[in-house]
Amino acid sequence: MKKVGLYFGTFNPIHLGHLVIANHLVEFTDLDEVWFVITPQSPFKTKQSLLDNNHRYQMVLEATEEYPKLKPSNIEFNLPQPNYTVHTLAHLLEKYPTGYDFSLIMGEDNLKSLHKWKNYEVILENHNIYVYPRVSSGTVDHQFKNNPKIKMVTDAPIMEISSTFIRKNHKLGKNITPLLPAAVFKYMDEMNFYR
C-alpha cells in the first residue's frame, strides 16, 4: 500500500512554503508521497486572479521536479465544478481501487472549519488527515480534538508565506524571488504572470 498525502490548493503560484511543508510530511511521517492536487476552483474562493489550470500545473511540475516523492496532480481538472474534496476522494478511489491509501493534508486553520465542509464525516470515516501548524485564530471543534484519524504534525515548520502576498508584490515590482523555487520564478517571469 502506497500512502499518499493529498495537498489541495490553487497553487497560484506554488511557493517555497508549500514545498517545505510537503517535503516535511513526506520525510517525517509515514507518507510515501505527497500529491499537489491543483484545484481549478475552490468553493471558498473566486476565480478572478487564478491563472489557467495548465499554467499552475506546469509551475507545480517545475517546482517538484527535483523531489521524487512530490508530484503534481490534475485530477480535479475534469471533475464537475465547484470541486468538493469528498467528490475528488471518491474519484481517486475509483481510479486507483487498489494499492493506494489516500490521506488529506491541511493546515490547522482548515481543521477549524472542517465541520463546514461538504460531507466531512464521510472524509473522516475513510481517510486520515495530516494537520500542520498555522498561525490562526479560532478553535478546533471538540469532535476533531482526539480523533484517531487526525494526525497533528506539530514538528512541521510554520510557514507564513502566501501566494496572495507573492502576486501582489510581484505586480508592484518587488523582488519576491527568494520565496519561490527558481524554476517557478523563471516560468512566471517568462510568461509575464501576475504583472
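It should be emphasised that the depicted structure is a prediction, and the values quoted were computed from it without experimental measurement.

What counts and what doesn't
- Residues numbered from 1 in each chain as written.
- Predicted model: local features only at pLDDT ≥ 70, side-chain atom pairs only at ≥ 80, totals over all residues.
- Heavy atoms only, no water.
- Helix = DSSP H or I, 4+ residues; strand = E, 2+ residues; numbered from the N terminus.
- Rg over C-alpha atoms; globule rule 2.2 N^0.38 Å.
- Buried < 20%, exposed > 50% of the residue type's maximum accessible area, 1.4 Å probe, protein only.
- Contact = heavy atoms within 4.5 Å.
- Lys, Arg positive; Asp, Glu negative; His and termini not counted.
- Salt bridge = Lys/Arg side-chain N within 4 Å of Asp/Glu carboxyl O.
- Polar contact = N/O pair within 3.5 Å; in protein donor to acceptor, adjacent residues only side chain to side chain.

Peer 1: Help me out: how do you make sense of the overall build of the protein in this one?
Peer 2: Check the secondary structure of the protein and you find 8 helices and 6 strands. Taken against the 2.2 N^0.38 rule, which gives 16 Å for 195 residues, the C-alpha radius of gyration of the protein at 16 Å falls within 12% of a compact globule. Taken along its principal axes, the extent of the C-alpha atoms in the protein is 45 × 35 × 30 Å. When each of the 195 residues of the protein is scored for burial, the buried share is 47%. Sequence-distant contacts in the protein: of pairs separated by 6 or more residues, those separated by 24 or more amount to 71%.

Peer 1: Help me understand the side chain of Arg-56 in this model?
Peer 2: Mapped onto the secondary structure, Arg-56 falls in helix 2 (residues 53–64). Of the side chains bearing the opposite charge, Asp-52 lies closest to the buried Arg-56, which forms no salt bridge; the N-O distance is 7.4 Å. Of note is the side chain of Arg-56, whose polar atom sits 3.1 Å from the backbone oxygen of Thr-39. Discounting chain neighbours no more than four positions away, the residues touching Arg-56 are Thr-10, Phe-11, Asn-12, Ile-38, Thr-39, Pro-40, Leu-50 and Leu-51.

Peer 1: It is not clear to me how the environment of Gly-107 should be interpreted in this structure. Could you clarify?
Peer 2: Checked against the element boundaries, Gly-107 lands in strand 4 (residues 100–107). According to the relative accessible area criterion, Gly-107 is buried, its value standing at 0%. Between the C-alpha atom of Gly-107 and that of Leu-61, which follows or precedes it by 46 residues, the distance is 22 Å. With sequence-adjacent residues up to four places away left out, Gly-107 is seen in contact with Val-131, Tyr-132 and Arg-134.

Peer 1: Explanation requested: the environment of Pro-68 in the structure shown.
Peer 2: Structurally, Pro-68 can be placed in the loop between helix 2 and strand 3 (70–73). Measuring from C-alpha to C-alpha, the distance between Pro-68 and Val-34 comes to 9.7 Å, with 34 residues separating the pair along the chain.

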